[in-house]
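Chain by chain, the residues run as shown.
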Amino acid sequence: MSELRFRVKPGGRLTGEVRVPGDKSISHRSIMLGSLATGVTRVKGFLEGEDSLATLAAFRAMGVAIEGPDNGTVEITGVGLHGLRAADEPLYLGNSGTSMRLMSGLLAGQSFDTTLTGDTSLSGRPMKRVVTPLSAMGAHIDTTLNGTAPLVIHGGSPLHGIEYDMPVASAQVKSSLLLAGLYADGRTCISEPAPTRDHTERMLSGMGYPVQREDNRVCIEGGHALSAIDIDIPADISSAAFYLVGASIAPGSDLLLQHVGMNPTRTGVIDILRMMGADIEVSNERDVGGEPVADLRVKYASLVGVEIPAALVPLAIDEFPAIFVAAACAEGQTVLTGAEELRVKESDRIQVMADGLATLGVAAEATPDGMIIKGGAIDGGSIDSHGDHRIAMAFAMAALRAHGEIEIHDCANVNTSFPDFVAIAAQAGLSISASNLDATA
Ligand code: S3P
């Protein structure tokens, strides 16, 4: 078996102009809703990463004609809400939690059965959070005894709307129920304990499907239709985050990130970095197909530790590996609480980041729901990313401030969200190389 390993030489700075790949969340939704629409949905800026490609392959396997991706362009000939057909085999969704949770809701409304499987990480992630409310809507879904995948979703069960108070702030749960709600009799209403990304709601509305939103509650009613639209996907702020942190911590950096998605449910990382003293300038703000977009110019700044406000946690949920690296370079202490969700992401991001930072000589203490980090010197060292794309990319950026080389193991999953990470990072000034090694050697 081979293993992808990054080696990053210490020091350097990030300069120039970079456009990171398309937003992963919006890419998934473009395939799902484009498939269920009437007409041809034309997508630009689609993320050609393994996660969104898994969604694309799954809908192709259910009979949807999808052309591309070709340089970020995809054309989906929608089959309408009732036009999907059973796949011949179980649908393998790789590492992608978004595919599995959103598709569970959508597939619960079909007339046929579907089996969803994933890799080792995805097969260990909690699925009861969607299965329980979907069952309350009338769905029949089998999980393992642990409430994990493989999931067998039995079609043909009539769904009815429910009123659901989500116990965790999760856009994946909310979206799964909204997609089931397309097929339900009556209204499905979901209340969230804190705002989470609202790309599903925006795209549904953009495709002409009525969605009611008020404060922390969103409602949808079955029985309407989706019309195909053109979708221009902005660069993923979650991928841009590594560069925001890299440029903020590396003296002499001055980097322009182009066409970044600035949906207010996603911009917590900018708020947190600015609280720490980061120099991030937002310009050229515009609306692209119902999603706000801007260019971000980030320059080196000396950072200070902060207590991260609880309200920002769901708005920066995927960015904490990068934010922890910023905290390691900040003067003073950074405290994160209320982020226990990080323990059930692609890896246990609290433990894996605390272990990696400790390896580099950083005082990082994992707590049940967050982390306490004291900024200071960063040594070189050898890090295990545990197959988590965002852990690998975060530690690559840490090398900009390290005193020795950082070697990062198990990096192949960077391809799930950011296939060009190494090339773009190298072009911006990171001394990074990637090699495929024989893991048994
Ligand atoms: C996502 C929602 C978030 C996020 C994930 C993508 C989405 O998960 O962590 O990477 O596209 O809806 P939760 O909603 O479970 O927090």
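Here the structure is a predicted model, which is why all the values come from computation and not from measurement.

**Thoughts on the overall build of the protein chain**
Item 1. Along its length, the protein chain carries 12 helices and 23 strands.
Item 2. For the protein chain, whose C-alpha radius of gyration is 21 Å, the value lies close to the compact-globule estimate of 22 Å for 441 residues.
Item 3. Across the 441 residues of the protein chain, 58% fall into the buried class.
Item 4. By sequence separation, contacts in the protein chain at least 24 residues apart represent 75% of the contacts at least 6 residues apart.
Item 5. For the protein chain, the separation between the mean place of its 32 positive charges and that of its 53 negative charges on side chains is 2 Å.

**Examining the sheet that holds strand S14 (residues 230-232)**
Item 1. Taken in spatial order, the four strands line up as S4-S5-S3-S14 in an open sheet, and their pairing is mixed. Only two strands of the sheet have a single partner each, and these edge strands are strand S4 (65-70) and S14. Across the sheet, the mean angle separating the axes of adjacent strands is 10° when strand polarity is ignored.
Item 2. Relative to strand S5 (residues 73-77), strand S3 (residues 40-44) is paired through four bridges, and the arrangement is antiparallel. Pairing of Thr41 across the sheet is with Ile76, part of S5.
Item 3. Across the sheet, helix H2 (residues 50-61) lies against S4 and S5, angled at about 155° from S4, the strand it touches most.

**A short note on the environment of Ala136**
Item 1. With respect to the secondary-structure elements, Ala136 resides in helix H4 (residues 128-136).
Item 2. Classification of Ala136 as partly exposed rests on a relative accessible area of 40%.
Item 3. Separated by 27 residues in sequence, Ala136 and Glu163 place their C-alpha atoms 9.7 Å apart.
Item 4. Apart from the residues within four sequence positions on either side, Ala136 is in contact with His160 and Ile162.

**Some words on the domain arrangement of the protein chain**
Item 1. Taken domain by domain, the protein chain holds domain 1 (2-22 + 235-438) and domain 2 (24-232).
Item 2. Distance from the C-alpha centre of domain 1 to the C-alpha centre of domain 2: 28 Å.
Item 3. Here domain 1 meets domain 2 over a buried area of about 2200 Å², counting both sides, of which 45% is carbon and sulfur.
Item 4. Here Arg129 and Glu341 are joined by a salt bridge, their closest N and O atoms 2.9 Å apart.
Item 5. At the boundary of domain 1 with domain 2, the tally comes to 13 residue pairs in polar contact (both at pLDDT 80 or more).
Item 6. Broken down by secondary-structure element, the contributors of at least two residues to the side of domain 1 that touches domain 2 are strand S17 (291-299) and helix H11 (389-398).
Item 7. Classifying every residue of the side of domain 1 that touches domain 2 by side-chain character gives nine nonpolar, 10 polar and eight charged.

**Notes on the site of the ligand**
Item 1. Surveying the vicinity of the ligand reveals the residues Ser25, Arg29, Thr98, Ser170, Ala171, Gln172, Arg197, Ile317, Asp318 and Lys345.
Item 2. Taking Ser25, its side chain carries an N or O atom lying 2.7 Å from an oxygen atom of the ligand.
Item 3. For the ligand, whose unbound accessible area comes to 380 Å², protein coverage reaches 95%.
Item 4. When contributions to the shell around the ligand are tallied by element, the ones reaching two or more residues are helix H1 (24-36) and helix H5 (171-181).
Item 5. Taken together, the residues of the shell around the ligand sort by class into two nonpolar, four polar and four charged.
Item 6. For the shell around the ligand, the domains that each give at least three residues are domain 1 (2-22 + 235-438) and domain 2 (24-232).

**A few points about unusual backbone geometry**
Item 1. Residue Pro69 follows Gly68 across a cis peptide bond; omega there is 5°.
Item 2. Not every positive phi belongs to a glycine, and His259 is a case in point at roughly 55°.
Item 3. With respect to the secondary-structure elements, His259 resides in strand S15 (residues 254-261).
Item 4. His259 sits in the buried class, given a relative accessible area of 11%.
Item 5. Its identity as a non-glycine residue notwithstanding, His386 has a phi of 55°, on the positive side.

**Digging into the nonpolar core**
Item 1. In terms of nonpolar packing, the biggest core is built from 86 residues, with Tyr243, Leu257, Phe320, Ile408 and Phe421 touching the most fellow members.
Item 2. The biggest single contributor to this core is helix H7 (residues 237-249), with nine residues.
Item 3. Once residues within four sequence positions are removed from consideration, Leu257 is found in contact with Val18, Val20, Ala240, Tyr243, Leu244, Ala294, Asp295, Leu296 and Val298.
Item 4. Met32, Ile76, Ala139 and Ile231 belong to the second largest nonpolar core, which has 62 residues in total.

**Description of H11**
Given 3.6 residues to a turn, an α-helix orients residues that are three or four positions apart in the same direction.
Item 1. Among the 10 residues in H11, 10 count as buried, and that is most of the element.
Item 2. N-capping of H11 is provided by Asp388, with a side-chain oxygen placed 3.0 Å from the backbone N of Arg390.

**Some remarks on the pairing of S3**
Item 1. Residues Thr41 and Val43 point to one face of S3 and are all buried, whereas Val40, Arg42 and Lys44, pointing to the other face, are not buried.
Item 2. Examined bridge by bridge, S3 and S14 share three bridges and lie parallel to one another. Each residue of the ladder has a partner; that of Arg42, found in S14, is Asp230.

So, how was this worked out
- Residues numbered from 1 in each chain as written.
- Predicted model: local features only at pLDDT ≥ 70, side-chain atom pairs only at ≥ 80, totals over all residues.
- Heavy atoms only, no water.
- Helix = DSSP H or I, 4+ residues; strand = E, 2+ residues; numbered from the N terminus.
- Rg over C-alpha atoms; globule rule 2.2 N^0.38 Å.
- Buried < 20%, exposed > 50% of the residue type's maximum accessible area, 1.4 Å probe, protein only.
- Contact = heavy atoms within 4.5 Å.
- Lys, Arg positive; Asp, Glu negative; His and termini not counted.
- Charge placed at Lys NZ, Arg CZ, Asp CG, Glu CD.
- Pairing = 2+ DSSP bridges.
- Axes fitted to C-alpha atoms, helices over the stretch in contact; angles between N-to-C directions.
- Domains from an automatic or database assignment.
- Buried area = accessible area lost by both parts, 1.4 Å probe.
- Salt bridge = Lys/Arg side-chain N within 4 Å of Asp/Glu carboxyl O.
- Polar contact = N/O pair within 3.5 Å; in protein donor to acceptor, adjacent residues only side chain to side chain.
- Nonpolar A, V, L, I, M, F, W, Y, C, P; charged D, E, K, R; others polar.
- Near = heavy atom within 4 Å.
- Areas by Shrake-Rupley, 256 points an atom, 1.4 Å probe, with all protein chains shown as cover.
- Core = buried A, V, L, I, M, F, W, Y, C linked by side-chain atoms within 4.5 Å.

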